[in-house]
Amino acid sequence: MQLTGWGRYPIIEASPVTFQDHRSLAARLAETKPLIPYGNGRSYGDSALSSRFVPMRSRDRLLAFDPDSGLLTCEAGVLLSEIIETFLPSGWFLKVTPGTRLITVGGAVAADVHGKNHHQAGCFGDTVESLLLMLADGRIRRCSRKENPELFHATCGGMGLTGVILQVEFYLQPVPSAIIEQATIKTRNLKETFEAFEKYADWPYSVAWIDCLARGAALGRSLLMLGRFAPIGELDYAPRRTKTIPCNFPGFLLKSYSVRAFNSVYYARARSGISLNFVDIDAFFYPLDAISNWNRIYGGSGFVQYQFILPKKHSYTGLEQVLRKIMKTGKGSFLAVLKLYGPANDNYLSFPMEGYSLALDFKIEPGLFALLEQLDEIVLKHKGRLYLAKDARMSRDTFEGGYPQAEAFRSLRTSLGLAGAFNSLQSQRLGL
Amino acid sequence: MTQEWILVLGAGSDMARAAARRFARAGYNIQQASRNTEELDIEARHLQLKYGVQTQTLPFDALEFDSHAAFYAELEPKPIGILLAFGALGEQARDQKDVSWIRKIIDTNYTGAASILEVIAADFERRKRGFIVGTSSVAGDRGRQSNYIYGSAKAGLSTYLAGLRHRLHGSGVNVLTVKPGFVATKMTTGLDLPDKLTAGPQEAGERIYRAVQKEKHLVYIRPIWRWIMLIIIHMPEFIFKRTKL
Ligand SMILES: Cc1cc2nc3c(=O)[nH]c(=O)nc-3n(C[C@H](O)[C@H](O)[C@H](O)COP(=O)(O)OP(=O)(O)OC[C@H]3O[C@@H](n4cnc5c(N)ncnc54)[C@H](O)[C@@H]3O)c2cc1C
Ligand SMILES: NC(=O)c1ccc[n+]([C@@H]2O[C@H](COP(=O)([O-])OP(=O)(O)OC[C@H]3O[C@@H](n4cnc5c(N)ncnc54)[C@H](OP(=O)(O)O)[C@@H]3O)[C@@H](O)[C@H]2O)c1
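Values in this document were obtained by computation on a predicted structure and should not be read as measured data. (Residues numbered from 1 in each chain as written. Chains lettered and ligands numbered in written order. Predicted model: local features only at pLDDT ≥ 70, side-chain atom pairs only at ≥ 80, totals over all residues. Heavy atoms only, no water.)

Points about the overall build of chain B
The helix and strand inventory of chain B stands at nine helices and nine strands. Here the C-alpha atoms of chain B give a radius of gyration of 18 Å, agreeing with the 18 Å that 2.2 N^0.38 yields for 245 residues. Taken along the three principal axes of its C-alpha coordinates, chain B extends 55 × 40 × 35 Å. Each of the 245 residues in chain B was classed as buried or not, and the buried ones make up 50%. In chain B, 72% of the contacts between residues at least 6 apart in sequence involve partners at least 24 apart. Total accessible area on chain B is roughly 11800 Å²; 55% of this is exposed by carbon and sulfur atoms. A gap of 8 Å separates the mean positions of the 33 positive and 25 negative side-chain charges of chain B. (Helix = DSSP H or I, 4+ residues; strand = E, 2+ residues; numbered from the N terminus. Rg over C-alpha atoms; globule rule 2.2 N^0.38 Å. Buried < 20%, exposed > 50% of the residue type's maximum accessible area, 1.4 Å probe, protein only. Contact = heavy atoms within 4.5 Å. Areas by Shrake-Rupley, 256 points an atom, 1.4 Å probe, with all protein chains shown as cover. Lys, Arg positive; Asp, Glu negative; His and termini not counted. Charge placed at Lys NZ, Arg CZ, Asp CG, Glu CD.)

Below, the structure is given as structure tokens:
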């Protein structure tokens, strides 16, 4: 069958390695090497791609919940959306959620995903108490900060390369309502955008939609969206119905003039200054989930998302250079998302560091990869790195330059006999 | 919330699991029976936590006919509905050469079902209530070179279920025959199934639940299968013989 990530690039021929229980999984791991776990395929590039993959979605059971502490135990194939549907009506929500609720808990741990509240709450891995991991030899290890701590820190953010995550124990947060109080702030340039992020850093959720095609003095103008849970309100939750795009969108619709038009309309929507309103959880956290297969909008050849992060010290100059470069080429995307991050954690390959990250979508077309390599240089020069969960093309050097613990991760894999057993196209490309 | 129980036979089946969840969502308590009870215990925790229903996990082997009467006699409380999902697809090329495999396919799909359903039917008939869902297959509607051992066992099951429906009609017990068409489950992993004709287990669970509510006699998971089978059944033999189906 054909297998691909969310960016629909690359698409490979692959076959599933299925199992019914832990015993049969252990047997399959012994006879099939290498392979990689596959969650819900929401990573954009080739992190979950390999000619043999282990589909994890059917391990989808909630196992225990402690309403005193908020500790939830579930299997790795459970979707975040299932957790929200089950626990939000009684006042519990994820401590950390990415911009889609359609990922598995295993994928959330493996990419150590972050949300709009990273500057306050950290990564998904930081909410994890412990996890059960099956190694290449079929043995199951419990990993936490106290038990097998190296393996724990390698697995959170380890992109499926340390074994199959079977179960996860992690904390939910109590919330007073299912409604978000949202403030939208319009900024005129990059400097104002940065200042606004810092000024409102006490809001738990923040993200800026940056108009990456604005030129000259308007470079970096943005809409900064802030959010916090409304202190009183309903807890009812019914996931929004999704719309489906019937087929692959013709790529010509995304020529840069149409992107520019989209950008200016979006930017004009918020009148100058600050506006306040209340929105539901889906509208605030998961706007893209409203269209079930929006990834087809980029046409048949697919797209990549380019997401990098720069340490605070270099964020301003680095971002300015990246934006100028993109502006010059006229390539651009519907979504350019800027975010403020808090301090990095102890996980070997986790993406976040204290600073700013920008994420942009690019339709795959001739000349794109050359442009991205130029961007890589700017990112590395400013001591930044790219997000593995979005990547389908970075070079080994770019990776090494951004992830100082790569070598330690590699030796851990070798010492535990994981290196030949778990591999994705990405890990092979990066020599991980 | 109802205090009624549903007994799921072959509860490890992906389709049965989805259907059981749908019934649990409606408030039914769930008795799960199959050979691999370890997996059922995990599912039981999910059913309790997610839907707040009660569960039981019971060992059951369709091939141990002699155990069936006692299995049902010991079941407490007695269920209001039965979801019978166990079955075995087999491998035509292997099975046609070996009568022990032929027997195993027939016994898993047909004899095992008839054996346990007779015990249950007698009780439902006496109580004058309940419903029975049997999982047969479109493969039983016309013999095909690629899976006629399985198909003929399912043909037997379809006919059996039709007869049981006839018999229990007067007692107010409905019998629903499910002919899934293609459903993406562990039985079909690795097979290249066409997207438009293939349902997910959750869709199957929903269809089965609704068909029970509406007291239907026959349900295809994707309605298009009704038309596909109409064509296949009516294709003249001299044409059919030349197809690769
Ligand atoms: C619209 C959209 C918005 C997004 N927004 C954000 C965001 O705001 N922040 C963010 O951090 N990310 C974001 N992402 C990325 C996404 O959260 C991650 O890529 C996540 O890992 C996807 O999870 P998945 O279950 O789909 O896993 P997959 O994409 O299938 O796999 C991702 C990785 O996890 C590994 N994996 C999956 N399951 C297991 C398991 N059981 N055991 C071991 N390894 C496993 C795979 O091997 C692979 O390396 C977004 C993605 C989309 C499509
Ligand atoms: N999927 C399809 O496209 C499709 C199409 C037509 C018909 N069907 C029918 O639909 C039903 C459900 O299938 P599925 O696709 O959900 O398959 P599945 O996931 O493979 O489930 C089949 C189940 O049958 C059980 N089983 C096999 N032998 C048994 C025995 N001797 N005693 C007790 N249980 C036994 C297995 O239980 P254990 O866990 O104990 O192994 C397994 O859980 C089957 O009857 C199948 O023939 C399916």
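From this point, the discussion proceeds with the structure in view.
Quick word on a nonpolar patch on the surface
Residue and element names in this part refer to chain B. Residues Ile224, Trp227, Leu230 and Ile231 make up a contiguous nonpolar surface patch of about 430 Å² in total accessible area. Looking at where Trp227 falls in the secondary structure, it is placed in helix 8 (residues 224–234). Given a relative accessible area of 54%, Trp227 falls into the exposed group. (Patch = residues over 30% accessible without salt bridge, like charges linked within 9 Å, V, L, I, M, F, W, Y side chains within 5 Å. Salt bridge = Lys/Arg side-chain N within 4 Å of Asp/Glu carboxyl O.)

A closer look at the packing of aromatic side chains
Counting across every chain of the model gives 32 aromatic pairs over all chains. Centroid distance Tyr205(A) to Phe284(A): 6.1 Å. Interplanar angle 75°. Geometry classified as edge-to-face. Linking Tyr205(A) in strand 13 (residues 205–210) with Phe284(A) in helix 8 (residues 281–285), this pair joins segments that are 79 residues apart in sequence. Judged on exposure class, the residue Tyr205(A) and its partner Phe284(A) are both buried. Feature note: the residues Phe93(A), Tyr205(A), Phe229(A), Phe284(A), Phe285(A) and Tyr286(A) constitute an aromatic cluster, connected by ring pairs. Its guanidinium or amino end placed over the ring of Tyr209(B), Arg22(B) lies 3.9 Å from that ring's centre, counting from NZ or CZ. Against the face of Trp101(B) rests Arg94(B), its NZ or CZ located 3.4 Å from the ring centre. (Phe/Tyr/Trp six-rings, centres within 6.5 Å; stacked < 30°, edge-to-face > 60°. Lys NZ or Arg CZ within 6 Å of the ring centre and 35° of its normal.)

Examining the site of ligand 1
All names here are of chain A. The full set close to ligand 1 counts 35 residues, and Pro37, Gly39, Arg42, Ser43 and Thr104 are the nearest of them. Note that an oxygen atom of ligand 1 is positioned 2.6 Å from one of the side-chain N or O atoms of Ser43. Separating a nitrogen atom of ligand 1 from a backbone N or O atom of His114 is a distance of 2.8 Å. Elements that contribute at least two residues to the shell around ligand 1 include exactly strand 4 (36–38), helix 3 (105–110) and strand 11 (164–174). The class makeup of the residues in the shell around ligand 1 is 20 nonpolar, 13 polar and two charged. Here the shell around ligand 1 spans two domains, since at least three of its residues come from each of domain 1 (36–175 + 404–430) and domain 2 (179–395). (Near = heavy atom within 4 Å. Polar contact = N/O pair within 3.5 Å; in protein donor to acceptor, adjacent residues only side chain to side chain. Nonpolar A, V, L, I, M, F, W, Y, C, P; charged D, E, K, R; others polar. Domains from an automatic or database assignment.)

Quick word on the side chain of Arg410(A)
Residue and element names in this part refer to chain A. When you line up the elements, Arg410 lands in helix 12 (residues 406–415). Residue Arg410 is classed as buried on the basis of its relative accessible area of 12%. Within polar-contact distance, the side chain of Arg410 engages the side chain of Glu407 at 2.6 Å. If near-sequence neighbours (up to four positions away) are discounted, Arg410 is found in contact with Arg396, Phe399, Glu400, Leu430, Gly431 and Leu432.

Overview of the confidence of the model for chain B
Close inspection of predicted coordinates is inappropriate in any region flagged by low pLDDT. When pLDDT is averaged along chain B, the result is 95, and 99% of the positions lie at 70 or above. Predicted as a complex, the structure gets a pTM of 0.93 and an ipTM equal to 0.90. (pLDDT = per-residue confidence, 0-100.)

Brief notes about the sheet that holds strand 3 (residues 15–16) of chain A
Read from one edge of the open sheet, three strands run 3-5-4 (chain A), paired in parallel fashion. What marks the edges here is a single partner per strand, and that holds for strand 3 and strand 4 of chain A. (Pairing = 2+ DSSP bridges.)

Things to note about the site of ligand 2
Residues and elements named next belong to chain B. Around ligand 2, the surrounding shell holds 28 residues, and the nearest of these are Ser13, Arg35, Tyr150, Val183 and Thr185. Measuring from a nitrogen atom of ligand 2, one finds a backbone N or O atom of Ala62 at 2.8 Å. Between ligand 2 and Gly87 there is a distance of 3.4 Å, counted from an oxygen atom to a backbone nitrogen or oxygen. Taking 870 Å² as the accessible area of ligand 2 by itself, protein coverage stands at 92%. Those elements giving two or more residues to the shell around ligand 2 turn out to be helix 1 (14–25), helix 6 (148–168) and strand 7 (182–183).

Quick look at the interface of chain A and chain B
Facing the 16 residues of chain A at the interface are 13 residues of chain B. Between chain A and chain B, the buried area comes to about 1500 Å², and carbon and sulfur atoms account for 47% of it. Considering only the surface of chain A that becomes buried against chain B, Gln20(A), Arg61(A) and Leu63(A) emerge as the three largest contributors, covering 36% of it. Remark: the boundary between chain A and chain B carries seven salt bridges. Between Arg61(A) and Glu39(B) there is a salt bridge, and its shortest N-O distance comes to 2.8 Å. Inspection of the chain A/chain B interface yields 11 residue pairs in polar contact (both at pLDDT 80 or more). Among the elements of the structure, strand 6 (62–66) and helix 2 (80–87) of chain A are those that each provide at least two residues to the side of chain A that touches chain B. Tallying contributions element by element places strand 6 of chain A first for the side of chain A that touches chain B, with four residues. Along the lines of polarity and charge, the residues of the side of chain A that touches chain B split into five nonpolar, four polar and seven charged. (Buried area = accessible area lost by both parts, 1.4 Å probe.)

Quick word on the packing of helix 9 (residues 312–329) of chain A against helix 10 (residues 368–381) of chain A
Residue and element names in this part refer to chain A. At a minimum axis separation of 9 Å, helix 9 and helix 10 run at an interaxial angle of 170°. Viewed along their axes, helix 9 and helix 10 adopt a mutual orientation that is roughly antiparallel. For the pair helix 9 and helix 10, the crossing hand works out as right-handed. Facing helix 9, whose interface residues are Gly318, Gln321, Val322, Lys325, Ile326 and Thr329, helix 10 presents Leu371, Gln374, Leu375, Ile378 and Lys381. Within the contact of helix 9 with helix 10, the residues separate by chemical class into five nonpolar, four polar and two charged. (Axes fitted to C-alpha atoms, helices over the stretch in contact; angles between N-to-C directions. Parallel < 35°, antiparallel > 145°, perpendicular 65-115°, else oblique. Left-handed = near helix turned anticlockwise from the far one by under 90°.)

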